[in-house]
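Each chain is listed here by its residues.
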Amino acid sequence: MDFSTEPPHSDKLFIQAPQPFNAEPPAASLVEFAYTPEELVYCRNHGPVREFVEDSYSIAIKSAVEKDILMSVPQLKSSFPKARVVAALQCAGNRRNEMGAIKPVHGVGWNSGVIANCSWGGVRLRDVLNHVGVQVDNQSHVCFASFATLCQDDKYYGASIPLAKALRMEDDVLLAYEMNDEPLSAEHGGPLRVVVPGYLGARWVKWLDTIIISPEESPNYYQQRDYKVLPPEIETKDQARPVWAKFASMTALPLNSVIGSIFKVSPSRLHVKGYATPGDCGNIAAIDISTDSGVTWHPTRITYQEGRWSWTLWEIEIQVSEPSGELHSRAKDEAGNVQPREGIWNMRGVAFNAWGTMKW
Ligand SMILES: Nc1nc2c(c(=O)[nH]1)N[C@H]1C(S)=C(S)[C@@H](COP(=O)(O)O)O[C@H]1N2
Ligand SMILES: [Mo]
């Protein structure tokens, strides 16, 4: 793979793996902004980043309904109304290092910064699919592919979502060409990427060039193998291989909260900030903090939440009696689910959602 033509990367990120480029900001910086500024948006790549010229960039749409359709990005922009959605993009490997502390896991060592809350602008995937005559059914899948760049484990990068989800207006699935009201940069998948609010980042295919309506999920490695929560007894890829197909590919990430920063206002007062993300059972309703390992909990103040898909920012000023200690955070959603105390180990270190924790 050739990395020599990559555009410059943000220098505000910690590089966790240089080639492919994988980098994250400190969570303490993230929680300072409701919308994550571009220079703090993590980069998760399975191959080199490439730049394309928007005017000559096209996507192919292959469905059984009509013969293949090719549409350029300028055509997409002029044919369909612009939609804007605020949604948190989060890698399934967020907090992997905490899971890896239980027992080693396979994957890039991420802390808690592989998340970005952005405003995404683009066209609704449902408008494009309706235009080409695709009808709703509950069996089909929309497969996304990027043949435009190379990647590590397959010939192309691919993912899929259920067709019914793609067509539901309220699910807000976009083909995005803007991030935070700026043209989508090459680093984040420009000219065109998929935005699937509420689903793990792996389905948000960057440098999208092909959409296929299929009776099956995408056959791509990243849909079929990677990004599955395997049971804890499967510890190696050799053990996983014969059973991989039995386990569901990931969709929504679980209810989560993270402590981003602790500032000592005085020797006995802490100002604590963090973020939380919902699972698929309704939005975040509350985040509580404990100074005594979960015996007592204190409600925090929610400072930001927008629509159904954003992250939730929270903060609290809290009295402490010890000179040092450990804080925990715990989120609750509208359905009454509570973030669990422990995260369940899995080989790929995905979907870690134990109570947030930070020492002070
Ligand atoms: N073509 C392509 N799309 C991709 C990836 C990739 O490696 N190649 N990585 C996926 C993963 S695992 C995540 S978490 C997000 C990361 O998006 P970002 O780099 O803009 O933060 O993009 C997804 N889309
Ligand atoms: Mo990811």
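This structure is a prediction, so every number in the text was calculated from the model and none was measured.

The rules behind these values
- Residues numbered from 1 in each chain as written.
- Chains lettered and ligands numbered in written order.
- Predicted model: local features only at pLDDT ≥ 70, side-chain atom pairs only at ≥ 80, totals over all residues.
- Heavy atoms only, no water.
- Pairing = 2+ DSSP bridges.
- Helix = DSSP H or I, 4+ residues; strand = E, 2+ residues; numbered from the N terminus.
- Domains from an automatic or database assignment.
- Contact = heavy atoms within 4.5 Å.
- Buried area = accessible area lost by both parts, 1.4 Å probe.
- Salt bridge = Lys/Arg side-chain N within 4 Å of Asp/Glu carboxyl O.
- Polar contact = N/O pair within 3.5 Å; in protein donor to acceptor, adjacent residues only side chain to side chain.
- UniProt positions renumbered as here; feature names shortened; annotations may be inferred.
- Buried < 20%, exposed > 50% of the residue type's maximum accessible area, 1.4 Å probe, protein only.
- Near = heavy atom within 4 Å.
- Nonpolar A, V, L, I, M, F, W, Y, C, P; charged D, E, K, R; others polar.
- Disulfide = S-S within 2.5 Å.
- Axes fitted to C-alpha atoms, helices over the stretch in contact; angles between N-to-C directions.

**A closer look at the sheet that holds strand 19 (residues 326–333)**
Argument step 1. The strand order 16-15-19-20 describes an open sheet built from four strands, whose pairing is antiparallel. Each edge of the open sheet is held by one strand with a lone partner, namely strand 16 (298–299) and strand 20 (356–359).
Argument step 2. Both strand 19 and strand 20 contribute to a ladder of four bridges, which runs antiparallel. Note that in strand 20 the partner of Leu327 across the bridge is Met358.

**Section: the domain arrangement of the protein**
It is common to give the size of an interface as the accessible area lost on bringing the parts into contact.
Argument step 1. You can read the domains of the protein as domain 1 (48–87 + 118–246) and domain 2 (256–359).
Argument step 2. Centre-to-centre, using C-alpha coordinates, domain 1 lies 31 Å away from domain 2.
Argument step 3. Counting residues at the interface gives 19 residues for domain 1 and twelve residues for domain 2.
Argument step 4. Summing both partners gives a buried area of about 1,200 Å² for domain 1 against domain 2, and 64% of it is carried by carbon and sulfur.
Argument step 5. The largest contributions to the domain 1 side of the interface with domain 2 come from Val86, Val229 and Pro232, which together make up 32% of the buried area.
Argument step 6. Taken together, the links from domain 1 to domain 2 amount to two salt bridges.
Argument step 7. Asp226 is paired through a salt bridge with Arg348; the nearest N and O atoms lie 2.5 Å apart.
Argument step 8. Between domain 1 and domain 2 we count three residue pairs in polar contact (both at pLDDT 80 or more) in total.

**Some points on the UniProt feature "domain: Moybdenum cofactor oxidoreductase dimerisation" (unreviewed entry) in the protein**
Argument step 1. The feature "domain: Moybdenum cofactor oxidoreductase dimerisation" (unreviewed entry), as given by UniProt, occupies residues 267–355 in the numbering adopted here.
Argument step 2. Secondary structure within residues 267–355 divides into 0% helix and 43% strand; the distance between the first and last C-alpha atoms comes to 25 Å.

**Examining the pattern of salt bridges**
Argument step 1. Within this structure, the stated rule accounts for 20 salt bridges.
Argument step 2. Residue Arg330 pairs with Asp288 through a salt bridge whose shortest N-O separation is 3.7 Å. Here Asp288 lies in strand 15 (residues 284–290) and Arg330 lies in strand 19, a separation of 42 residues in the sequence.
Argument step 3. Exposure remark for Arg330: the relative accessible area of 15% places this residue in the buried category.
Argument step 4. Classification of Asp288 as buried rests on a relative accessible area of 8%.
Argument step 5. Here the salt bridges share partners, and the residues they tie into one network are Lys165, Arg168, Asp171 and Arg308.

**Brief notes about the site of ligand 1**
Argument step 1. Around ligand 1, 18 residues are found, and the nearest of them are Tyr42, His46, His188, Arg193 and Lys206.
Argument step 2. His46 is positioned such that a nitrogen or oxygen atom in its backbone is 2.7 Å from an oxygen atom of ligand 1.
Argument step 3. A distance of 2.8 Å separates an oxygen atom of ligand 1 from a polar side-chain atom of Arg193.
Argument step 4. Residue composition of the shell around ligand 1, by class: ten nonpolar, five polar and three charged.

**Notes on the state of the cysteines**
Argument step 1. Evaluated as defined, the whole model comprises zero disulfides.
Argument step 2. You can see Cys151 has no disulfide; the closest cysteine sulfur is in Cys91, sitting 15 Å from it.
Argument step 3. Its relative accessible area of 11% is what places Cys151 among the buried residues.

**A closer look at the sheet that holds strand 7 (residues 141–146)**
Argument step 1. Taken together, five strands build an open sheet; the order of strands is 4-3-12-7-8 and the sheet is mixed. Each end of this open sheet is capped by a strand with a single partner; those strands are strand 4 (69–72) and strand 8 (157–162). The sheet shows a mean angle of 20 degrees between the axes of neighbouring strands, taken without regard to direction.

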